[in-house]
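So the chains spell out like this:
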Amino acid sequence: MDERVGDRKTVTLAVIVRNEEEGIRAVMPRVDLSLFDDCFAVDGHSTDRTVELLRGFGLRVYAQPEPGLGAANLEARRHVRTDAFVYFHPDGNEDPADLPRLAALLRAGHAFVVASRMMRGARNEEDGQLFRPRKTANLLFALAANLLFGHGGNRTTDITNGLRGVSRSAFDRMRLSSRDLTFDFQMVIRALKLGIPITEFPTREGARVGGGTHFASIPAGLAVLRLLWREGRMGLRGVGP
Ligand SMILES: Nc1nc2c(ncn2[C@@H]2O[C@H](COP(=O)(O)OP(=O)(O)OP(=O)(O)O)[C@@H](O)[C@H]2O)c(=O)[nH]1
Ligand SMILES: [Mg+2]
């Protein structure tokens, strides 16, 4: 729990997006913006109608100054004025029906809340397949992070799901620096190192609606491995200068 337990916290929705016009058309009508005290988007210089569509849904849209998913997430933090905020990606993978639960947990004072695709009751995009390389890699990285950095029973089951919320104070304590796709994993590692409780609930991952992925699996896995190495070298409780 965060400092002022019992107080009702204010929460922002931060939509993180790059070239997702089909996803936005399909997903944003199902997002209840009234759940949040503030809503905006951070766009990665989309070349399709993403920005225009988001403005049509009443969102302020900020262009990220540096490239990369992590850079977009850091830019989002600069515009948050509420106690906590939620990252949401309207490409079809994330279920807008999870947003009330995320907002409620943050309002109740939970410092870091992750929708997990890997726990009991959840569904991952590879479930139902015989070979699940992405899920297996994800679970192995989670195991490594828990063994290396977890303490006091705090643990992760899903290191990379982008649907998550965090209090502003917990986020600032994490001193995050990843500019690329490793940002989500760095958040989890820093929460483990700092003993910031990770609250998870099961989610069902949907299929991407349109467009293509921004991240190929093998380079993504290697980047995550390098991050794990760097975080290990920084010390089991170290979060950098
Ligand atoms: N602002 C911003 N958003 C990004 C950037 N890269 C990816 N995104 C968004 O982040 C979300 C996650 O990227 P995806 O390409 O869907 O990654 P993924 O979910 O692992 O891959 P899929 O299984 O294909 O959906 C999507 O909503 C993207 O539009 C970026 O550099 N800047
Ligand atoms: Mg996706």
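Residues numbered from 1 in each chain as written. Chains lettered and ligands numbered in written order. Predicted model: local features only at pLDDT ≥ 70, side-chain atom pairs only at ≥ 80, totals over all residues. Heavy atoms only, no water.

Now for the overall build of the chain. Scanning the chain from N- to C-terminus turns up eight helices and seven strands. For 241 residues, the compact-globule estimate of 2.2 N^0.38 gives 18 Å, and the C-alpha radius of gyration of the chain, at 17 Å, lies within 12% of that figure. Across its three principal directions, the C-alpha atoms of the chain cover 45 × 45 × 35 Å. Residue burial in the chain is summarised as follows: out of 241 residues, 51% are buried. Carbon together with sulfur atoms contributes 55% to the accessible area of the chain, which is approximately 11,100 Å² in total. Here the chain holds 34 positive side-chain charges and 29 negative ones, and the gap between their average locations is 5 Å. (Helix = DSSP H or I, 4+ residues; strand = E, 2+ residues; numbered from the N terminus. Rg over C-alpha atoms; globule rule 2.2 N^0.38 Å. Buried < 20%, exposed > 50% of the residue type's maximum accessible area, 1.4 Å probe, protein only. Areas by Shrake-Rupley, 256 points an atom, 1.4 Å probe, with all protein chains shown as cover. Lys, Arg positive; Asp, Glu negative; His and termini not counted. Charge placed at Lys NZ, Arg CZ, Asp CG, Glu CD.)

Right, let's get into the site of ligand 1. If you check the shell around ligand 1, you find 20 residues, and the closest are Glu 20, Gln 64, Asp 91, Asn 93 and His 214. At 3.2 Å from a nitrogen atom of ligand 1 is found a main-chain nitrogen or oxygen belonging to Gly 44. Across the complex, the protein chains shield 88% of the 640 Å² of accessible surface that ligand 1 would expose by itself. Cavity membership is defined here by more than half of the atoms lying within 2 Å of grid points; on that basis ligand 1 lies in the largest pocket. (Near = heavy atom within 4 Å. Polar contact = N/O pair within 3.5 Å; in protein donor to acceptor, adjacent residues only side chain to side chain. 1 Å grid on protein atoms, 1.4 Å probe; cavity = no way out; pocket = protein on both sides within 12 Å on 5 of 7 lines; lining within 4 Å. Sits in = over half its atoms within 2 Å of the grid points.)

Moving on: the sheet that holds strand E3 (residues 60-63). Pairing between the strands of a sheet is mediated by backbone hydrogen bonds and can be parallel or antiparallel. Taken together, seven strands build an open sheet; the order of strands is E3-E2-E1-E4-E6-E5-E7 and the sheet is mixed. A strand with exactly one partner marks an edge of an open sheet, and here the two such strands are E3 and strand E7 (198-202). Along the sheet, successive strands turn relative to each other by an average axial angle of 20°, direction set aside. Inspection of the sheet shows strand E5 (residues 112-116) paired to strand E6 (residues 164-167) by three bridges, in the antiparallel sense. Looking at E6, one finds that Val 113 is bridged to Gly 165. Packed on one face of the sheet, helix H3 (residues 69-78) meets strand E1 (11-17), strand E2 (38-43), E3 and strand E4 (84-88) and runs near 150° to E1. On the sheet, helix H4 (residues 99-107) packs against E1, E4, E5, E6 and E7 and is oriented at approximately 160° with respect to E4. (Pairing = 2+ DSSP bridges. Axes fitted to C-alpha atoms, helices over the stretch in contact; angles between N-to-C directions. Contact = heavy atoms within 4.5 Å.)

Here we come to the packing of helix H5 (residues 133-149) against helix H8 (residues 217-233). With their axes 12 Å apart at the nearest point, H5 and H8 run at an angle of 5° to one another. By the angle class used here, H5 and H8 are roughly parallel. When H5 is examined against H8, the residues Arg 134, Phe 141, Ala 144, Leu 148 and Phe 149 are found in contact with a partner set consisting of Ser 217, Gly 221, Val 224, Leu 225, Leu 228, Glu 231 and Gly 232. A per-class count over the contact of H5 with H8 returns seven nonpolar, three polar and two charged. (Parallel < 35°, antiparallel > 145°, perpendicular 65-115°, else oblique. Nonpolar A, V, L, I, M, F, W, Y, C, P; charged D, E, K, R; others polar.)

Core analysis: the biggest nonpolar cluster contains 35 residues, and Tyr 87, Phe 112, Val 166, Phe 171, Met 174, Phe 185 and Met 187 have the highest contact counts within it. With seven residues, helix H7 (residues 183-194) is the single largest residue contributor to this core. Look past the residues within four positions of Met 174 in its chain and what remains in contact with it is Phe 112, Val 166, Met 187, Arg 190, Ala 191, Leu 194, Ile 196 and Val 239. (Core = buried A, V, L, I, M, F, W, Y, C linked by side-chain atoms within 4.5 Å.)

The coordination sphere of the magnesium ion (ligand 2) contains the protein donors Asp 91 (OD) and Asn 93 (OD1), at a distance range of 1.9 to 2.0 Å. The buried category is assigned to Asp 91, whose relative accessible area is 9%. Look at Asn 93 and you get partly exposed, because its relative accessible area is 22%. (Donors = N, O, S within 2.8 Å, 3.2 Å for Na, K, Ca; no water.)

The element E2 is largely enclosed, with a buried count of six among its six residues. Alternating residues of E2 divide into Asp 38, Phe 40 and Val 42 and Cys 39, Ala 41 and Asp 43, and every residue in both groups is buried. Handedness of the crossover is the feature at issue here: the chain leaves E1, passes through helix H1 (residues 21-27), returns alongside E2, and the resulting connection is right-handed. Judged from the four bridges that link them, E2 and E3 form a sheet pairing that is parallel. Bridge pairing in E3 places Phe 40 opposite Arg 60. What joins E2 to E3 is helix H2 (residues 50-56), and the crossover it makes is right-handed. (Right-handed = clockwise from strand over helix to strand, strands pointing away.)

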